[in-house]
Amino acid sequence: MTRIGIIGGGPGGYEAALVAAQLGAEVTVVDRDGLGGSAVLTDCVPSKTLIATAEVMTDTAESGELGVLIGSDAGPYGQVGVDLARVNARVTGLAQAQSDDIAARLEREGVRVLRGLGRLGGPTRVVAEPVSGGTETVEVDTVLVSTGAHPRVLPDAQPDGERILTWEQLYTLTELPEHLVVVGSGVTGAEFASAYTALGSEVTLVSSRDRVLPGEDADAAQVLEDVFKRRGMTVLSRSRAGAVRRSGDRVLVSLDDGRTVEGSHCLMAVGSIPNTAGLGLEEAGVRLGDGGFVEVDRVSRTSATGVYAAGDCTGVLMLASVAAMQGRIAMWHRLGDAVAPLNLRAVSSNVFTDPEIATVGWTENDMDDSGSTVTVKLPLATNARAKMQGVHEGFVKLFARAGSGTVVGGVVVAPRASELIFPVALAVEARLTVDQLAQSFTIYPSISGSVAEAARQLHTKVWRG
Ligand SMILES: Cc1cc2nc3c(=O)[nH]c(=O)nc-3n(C[C@H](O)[C@H](O)[C@H](O)COP(=O)(O)OP(=O)(O)OC[C@H]3O[C@@H](n4cnc5c(N)ncnc54)[C@H](O)[C@@H]3O)c2cc1C
């Protein structure tokens, strides 16, 4: 029986453990903080649970157009507000329950879990320091490293867990910040800025770049920035925060150009550092690249024979879905099952702001002006369902190859874009043509109707240029 040792029980680790157990391996997982990892305990699951409350608040606040009464006009229904202590109790309770479900599943599948610190004692040995005490050495045939990452901290902006916070510390808040300054306008910064605006905080978003979400589709980011401003958020572009200081109940964020921003709380969202230090990786022959990330190939192999790595510690694409796929691929490859190398072109991702931004496949930057690709952008403003729901912003954008008409990518900006991107992802993965997408039935009225309509509009561009 092949013995697999896994260090880190986040999506990269636990999904690998499930595949390895299914394929008959003897599996040991060593995990420090709780199964599900940061994804379940501090990052994805908590943030999306908080955002579920924020969504209700935005829908409510913007429902006047649909004839809903709120505020002093609301009569028996009263005013609307948020009890952050209750919200955060729900968030952390739900995250823990999800972690417990994963633990129970691994136990059912016969996976051994050691709670504690793990490191490599060479390419075929995992050394564990269980919380129960002592040291245990587990001899294995293969190790998977999936230790994740942690929030980057700036030297002059040390989190204190009360007023200057990382995203992991936000859920200890029991009262809504009166004025939250969010430093960093990448996905994490934008999601929390969006959520806290909806919950009722004044929010200032400090962005070192020209616009929010510099890594996303430029049209999508522009829609979002306009919505943020319409809802009262202050967005400071081209503003790099150098230091954050606390003074009593206030925080002072100093920008590099000499300006300062004062708020009641500050959230630092300035990137992640891989958890690869002190793991015995280099001693075992595992090469680390820039920033300390583990170098892996498309089947998750590292430079050391028999050692695989998955997830945020590899920096390939810091998403739970990618971590899980890298972990599964590692085990399929190691245990001789059918496997295809990781295909980043087919990964769909979503920014859980309001509206959401979902993307898959090619981006505008991948298009050249040779005429080999065609694109269409269809605003949602003319979609009947969007009108009924009071949705005014957003669009569907599709990219296809001229000539063959194969769908190569797309962007959806809409409420629940995360659900709407699936047909486009399916088209990209299965190399469907715009005509195949266009000829599929959609519900009338539905926002997904705009996906098919965008494909229909591409028909002419594909065949006539
Ligand atoms: C705020 C936020 C929101 C996000 N939302 C989403 C989202 O909506 N969708 C999405 O796809 N992605 C999201 N992500 C990204 C996602 O959380 C990560 O990509 C994912 O957690 C990576 O999984 P992983 O298995 O690599 O690591 P992790 O989930 O970080 O798990 C690593 C595990 O390893 C353990 N560990 C570390 N060192 C050791 C050690 N020495 N010994 C033993 N155990 C160790 C840790 O305790 C942890 O349990 C979000 C990230 C952030 C910051």
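The sections below set out a description of the structure shown in this document. If you're wondering where the values come from, they're calculated on a predicted model, not measured in any experiment.

Thresholds applied
Residues numbered from 1 in each chain as written. Predicted model: local features only at pLDDT ≥ 70, side-chain atom pairs only at ≥ 80, totals over all residues. Heavy atoms only, no water. Helix = DSSP H or I, 4+ residues; strand = E, 2+ residues; numbered from the N terminus. Rg over C-alpha atoms; globule rule 2.2 N^0.38 Å. Buried < 20%, exposed > 50% of the residue type's maximum accessible area, 1.4 Å probe, protein only. Contact = heavy atoms within 4.5 Å. Near = heavy atom within 4 Å. Polar contact = N/O pair within 3.5 Å; in protein donor to acceptor, adjacent residues only side chain to side chain. Areas by Shrake-Rupley, 256 points an atom, 1.4 Å probe, with all protein chains shown as cover. Patch = residues over 30% accessible without salt bridge, like charges linked within 9 Å, V, L, I, M, F, W, Y side chains within 5 Å. Salt bridge = Lys/Arg side-chain N within 4 Å of Asp/Glu carboxyl O. Pairing = 2+ DSSP bridges.

Thoughts on the overall build of the protein chain
So, step 1. The helix and strand inventory of the protein chain stands at 12 helices and 22 strands.
So, step 2. In terms of overall dimensions, the protein chain is globule-like: its C-alpha atoms have a radius of gyration of 24 Å, near the 23 Å expected for 465 residues.
So, step 3. Dimensions of the protein chain along its principal axes, counting C-alpha atoms only, are 65 × 65 × 50 Å.
So, step 4. Counting the 465 residues in the protein chain, one finds 49% classified as buried.
So, step 5. In the protein chain, the share of contacts with a sequence separation of at least 24, taken over all contacts with a separation of at least 6, comes to 62%.

So, the environment of E175
So, step 1. Residue placement: E175 occurs in the loop between strand 8 (164-165) and strand 9 (179-183).
So, step 2. Overall, E175 belongs to the exposed group, its relative accessible area being 62%.
So, step 3. Each C-alpha atom, one on E175 and one on L84, is 5.5 Å from the other, the two residues being 91 residues apart in sequence.

Some remarks on the site of the ligand
So, step 1. As a matter of local geometry, the ligand sits amid 37 residues, with D31, D33, S38, G118 and D312 nearest to it.
So, step 2. Taking G12, its main chain carries an N or O atom lying 2.9 Å from an oxygen atom of the ligand.
So, step 3. When isolated, the ligand has an accessible area of 990 Å², and the protein chains bury 92% of it.
So, step 4. Where the shell around the ligand is concerned, the elements lending two or more residues are helix 1 (11-22), strand 2 (26-31), helix 2 (37-41), helix 3 (44-61), strand 3 (112-120), helix 5 (187-199) and helix 7 (320-334).

Quick look at a nonpolar patch on the surface
So, step 1. Judged by side-chain polarity, L66, V68, I70 and V80 come together as a nonpolar surface patch covering roughly 300 Å² of accessible area.
So, step 2. On the basis of relative accessible area, L66 is assigned to the partly exposed category, the value being 46%.

Describing the pattern of salt bridges
So, step 1. Per the counting criterion, the structure on display carries 27 salt bridges.
So, step 2. One salt bridge connects R125 with E139, and the closest N-O pair in it is separated by 2.9 Å. Separated by 14 residues along the polypeptide, R125 in strand 4 (residues 125-130) and E139 in strand 5 (residues 136-139) bring together distant segments of the chain.
So, step 3. Taking the relative accessible area as the measure of exposure, R125 reaches 34% and is therefore partly exposed.
So, step 4. We note a salt bridge from R246 to E162, for which the minimum N-O separation is 2.8 Å. Of the two residues, R246 sits in strand 12 (residues 241-247) while E162 sits in the loop between strand 7 (149-151) and strand 8, which places them 84 residues apart along the sequence.
So, step 5. With relative accessibility at 35%, the residue R246 sits in the partly exposed group.
So, step 6. Counted as one network, the salt bridges with shared partners bring together E62, R230, R231, D354 and E393.

Side note on the pairing of strand 21 (residues 395-401)
So, step 1. Of all 7 residues making up strand 21, 6 are buried, and the element is well covered by its neighbours.
So, step 2. Strand direction decides the pairing type here: strand 20 (residues 373-379) and strand 21, joined by 7 bridges, are antiparallel. Pairing of V374 across the sheet is with A400, part of strand 21.
So, step 3. Bridge count for strand 21 against strand 22 (residues 407-414) is 6 bridges, and the pairing is antiparallel. Along strand 22, the bridge assignment pairs A400 with V407.
So, step 4. Hairpin geometry of strand 21 and strand 22 is characterised by an intervening segment of 5 residues between the two adjacent antiparallel strands and by a positive phi of about 95 degrees at G403.

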